[in-house]
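The residues making up each chain are set out below.
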Amino acid sequence: MRTATSEEKSRCFLRRSDDIMDMRMFYGLTHNPFEKNSKDVTVETIDTKEMQGRLKYLCEVKGIGVFTGNPGAGKTYNLRIFTSSLSPSLYQVVYMPMSTLTTMQFYRYLADSLGLEVKHSKVENFINIQSYIKRMNNEKRITPVIIIDEAQYLKSEILNDLKILMNFDMDSVNHCVIILAGLPALSNTLRYASYEAIRQRITIQYQIVGIEADEVKNYIIKKLESAGLNVPIFTEDAYISVANSCQGSIRKLNNIVTQCLIIGANKKCRDINNEIVMNAVNEINM
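Residues numbered from 1 in each chain as written. Predicted model: local features only at pLDDT ≥ 70, side-chain atom pairs only at ≥ 80, totals over all residues. Heavy atoms only, no water.

A. Layout of the overall build of the chain. Counting its regular elements, the chain contains 12 helices and five strands. Its C-alpha atoms give the chain principal-axis dimensions of about 65 × 40 × 40 Å. In the chain, which comprises 286 residues, the proportion classed as buried is 46%. The long-range fraction of contacts in the chain, counting pairs at least 24 apart against all pairs at least 6 apart in sequence, stands at 72%. If you sum the accessible surface of the chain, you get close to 15,100 Å²; carbon and sulfur atoms cover 52% of it. Taking the average place of the 34 positive charges on the side chains of the chain and the average place of its 31 negative ones, the gap between the two points comes to 4 Å. (Helix = DSSP H or I, 4+ residues; strand = E, 2+ residues; numbered from the N terminus. Buried < 20%, exposed > 50% of the residue type's maximum accessible area, 1.4 Å probe, protein only. Contact = heavy atoms within 4.5 Å. Areas by Shrake-Rupley, 256 points an atom, 1.4 Å probe, with all protein chains shown as cover. Lys, Arg positive; Asp, Glu negative; His and termini not counted. Charge placed at Lys NZ, Arg CZ, Asp CG, Glu CD.)

Here it is as structure tokens:
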């Protein structure tokens, strides 16, 4: 199969940029609120409410939290919302998107992310990290919050080391928060008998369902309102089609709605109906 040249990719990007601009002009949008980097109003879903509540509790009591869900369900999105609400004077957030690391690479990455001098041996880095966490918590009253994304790829040695890393004062107190986020495979892995010790140390565990079908309409309306469009443009059957097509994935939902708006603008359709949704889904799946 022939791969696209850089020139062809550039032309494709320019066409999409033109489509986005036309879409915004046609529907009177200040911007595309369904873009990944859009900093708009947070539309509260059941998952958002449940996850934010659990994250708040986890940061209060400290310990290990496990949050799993299918791709695009909103794990990282909800973590980003929550961490943005944390005061830097009370919490130091470290986000680790790299989970396919060796044990030595993991400790070096974590030490560097915490602002520590990276040592050559695992033991030295371990001691430095533990000492730093304890010192920050006891002396500065700052709680380190370590987020490991795509944690289903973590090696067994690292998973088993986490329980040791969390062992402070003969396992009598928690000084930090470790959040493991990943696909449902992570929960399945932690059920193995070899992970019994770390499983007993998990403070919070939550499975993200994804956006519910009856939440899709409100999500689209609120997002469009945040971009200046206060008149409904999706028909009722279109909302149903979008909900069925996104299958609980907010990422898919955003992509489908964006494509619907592009197609609608190109066809000069003020109302987004079921036919446009189907066309959008087909184009995305090409």
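B. Looking closely at the packing of helix α11 (residues 250-266) against helix α12 (residues 274-284). Where α11 contacts α12, the axes come no closer than 8 Å and their chain directions differ by 115 degrees. Pair α11 / α12 crosses with right-handed handedness. For the pair formed by α11 and α12, the contact residues are Asn-255, Ile-256, Gln-259, Cys-260, Ile-263 and Gly-264 on the first element and Ile-276, Val-277, Asn-279, Ala-280, Val-281, Glu-283 and Ile-284 on the second. (Axes fitted to C-alpha atoms, helices over the stretch in contact; angles between N-to-C directions. Left-handed = near helix turned anticlockwise from the far one by under 90°.)

C. Region of the structure containing the confidence of the model for the chain. Mean pLDDT over the chain stands at 90; residues scoring 70 or higher make up 91%. Within the chain, no element has a lower average pLDDT than helix α1 (residues 6-27), which sits at 61, and none a higher one than helix α10 (residues 236-246), at 97. Predicted confidence is poor over residues 6-15, with pLDDT under 50, and the contacts of this stretch with residues over four places away or in other chains come to three contacts. (pLDDT = per-residue confidence, 0-100.)

D. Structural detail: the packing of aromatic side chains. Within the structure shown, the criterion is met by five aromatic pairs. Between Tyr-107 and Phe-126, the ring centres sit 6.1 Å apart and the planes meet at 70 degrees, which makes this aromatic pair edge-to-face. Of this pair, Tyr-107 sits in helix α4 (residues 103-113) while Phe-126 sits in helix α5 (residues 122-139), placing them 19 residues apart in sequence. With a relative accessible area of 17%, Phe-126 lands in the buried category. Grouped by ring-pair contacts, the aromatic residues Phe-106, Tyr-107 and Phe-126 constitute a single cluster. In this structure, Arg-270 packs its charged tip against the face of Phe-26, placed 3.9 Å from the ring centre. (Phe/Tyr/Trp six-rings, centres within 6.5 Å; stacked < 30°, edge-to-face > 60°. Lys NZ or Arg CZ within 6 Å of the ring centre and 35° of its normal.)

E. Molecular detail of empty space enclosed by the protein. On inspection of all chains with the given rule, the structure shows one cavity of 30 Å³ or more. Taken as a whole, the largest cavity holds about 30 Å³ of empty space. The wall of the largest cavity is formed by Thr-45, Asp-47, Thr-48, Ala-73, Asn-78, Ile-208, Gly-210, Ile-211 and Ile-250. Looking at side-chain class alone, the lining of the largest cavity contains four nonpolar, four polar and one charged residues. (1 Å grid on protein atoms, 1.4 Å probe; cavity = no way out; pocket = protein on both sides within 12 Å on 5 of 7 lines; lining within 4 Å. Points joined across faces, edges and corners; volume = space filled by probe spheres on them. Nonpolar A, V, L, I, M, F, W, Y, C, P; charged D, E, K, R; others polar.)

F. Spotlight on α12. Turning to α12, its buried residues number three or more, namely Ile-276, Val-277, Ala-280 and Val-281. For α12, the arc enclosing every buried residue in end-on projection is 135 degrees, short of the 170-degree limit, so these residues lie on one face. By the N-cap criterion, in which a side-chain oxygen at the helix start approaches the backbone nitrogen of a residue two or three places on, α12 is capped by Asn-273, the distance to Glu-275 being 3.2 Å. (Arc of directions from axis to C-beta. Polar contact = N/O pair within 3.5 Å; in protein donor to acceptor, adjacent residues only side chain to side chain.)

G. View of α11. Its 17 residues give α11 an end-to-end C-alpha distance of 24 Å, which sits within 8% of 24 Å, the value for a rise of 1.5 Å per residue. Burial of α11 is extensive: 13 of the 17 residues sit out of reach of the surface. Downstream of α11 by one or two residues, Lys-268 has phi in the positive range, about 60 degrees. (Expected span 1.5 Å × (residues − 1).)

H. Just the nonpolar core, in detail. Core analysis: the biggest nonpolar cluster contains 35 residues, and Phe-106, Leu-110, Ile-129, Ile-148, Ile-178 and Leu-180 have the highest contact counts within it. Considering each element in turn, this core owes the most residues, five residues, to α5. Excluding residues within four positions of it along the chain, Leu-110 makes contact with Val-94, Met-96, Ile-129, Ile-146 and Leu-165. (Core = buried A, V, L, I, M, F, W, Y, C linked by side-chain atoms within 4.5 Å.)

I. Summary view of the pattern of salt bridges. Applying the stated criterion across every chain yields a total of five salt bridges. Here Arg-199 and Glu-196 are joined by a salt bridge, their closest N and O atoms 2.1 Å apart. Here the residue Arg-199 and the residue Glu-196 both occupy positions in helix α8 (residues 196-200), the gap between them amounting to three residues, near one helical turn. With relative accessibility at 28%, the residue Arg-199 sits in the partly exposed group. (Salt bridge = Lys/Arg side-chain N within 4 Å of Asp/Glu carboxyl O.)

J. Broad picture of the sheet that holds strand β5 (residues 202-208). Overall, parallel pairing links the five strands, which are arranged β2-β3-β4-β1-β5 in an open sheet. The open sheet has two edge strands with one neighbour each: β2 (91-96) and β5. Neighbour-to-neighbour, the strand axes of the sheet open up by a mean angle of 15 degrees, direction not taken into account. Where strand β3 (residues 143-148) and strand β4 (residues 177-182) come together, four bridges link them in parallel fashion. What sits directly across from Val-145, in β4, is Val-177. (Pairing = 2+ DSSP bridges.)

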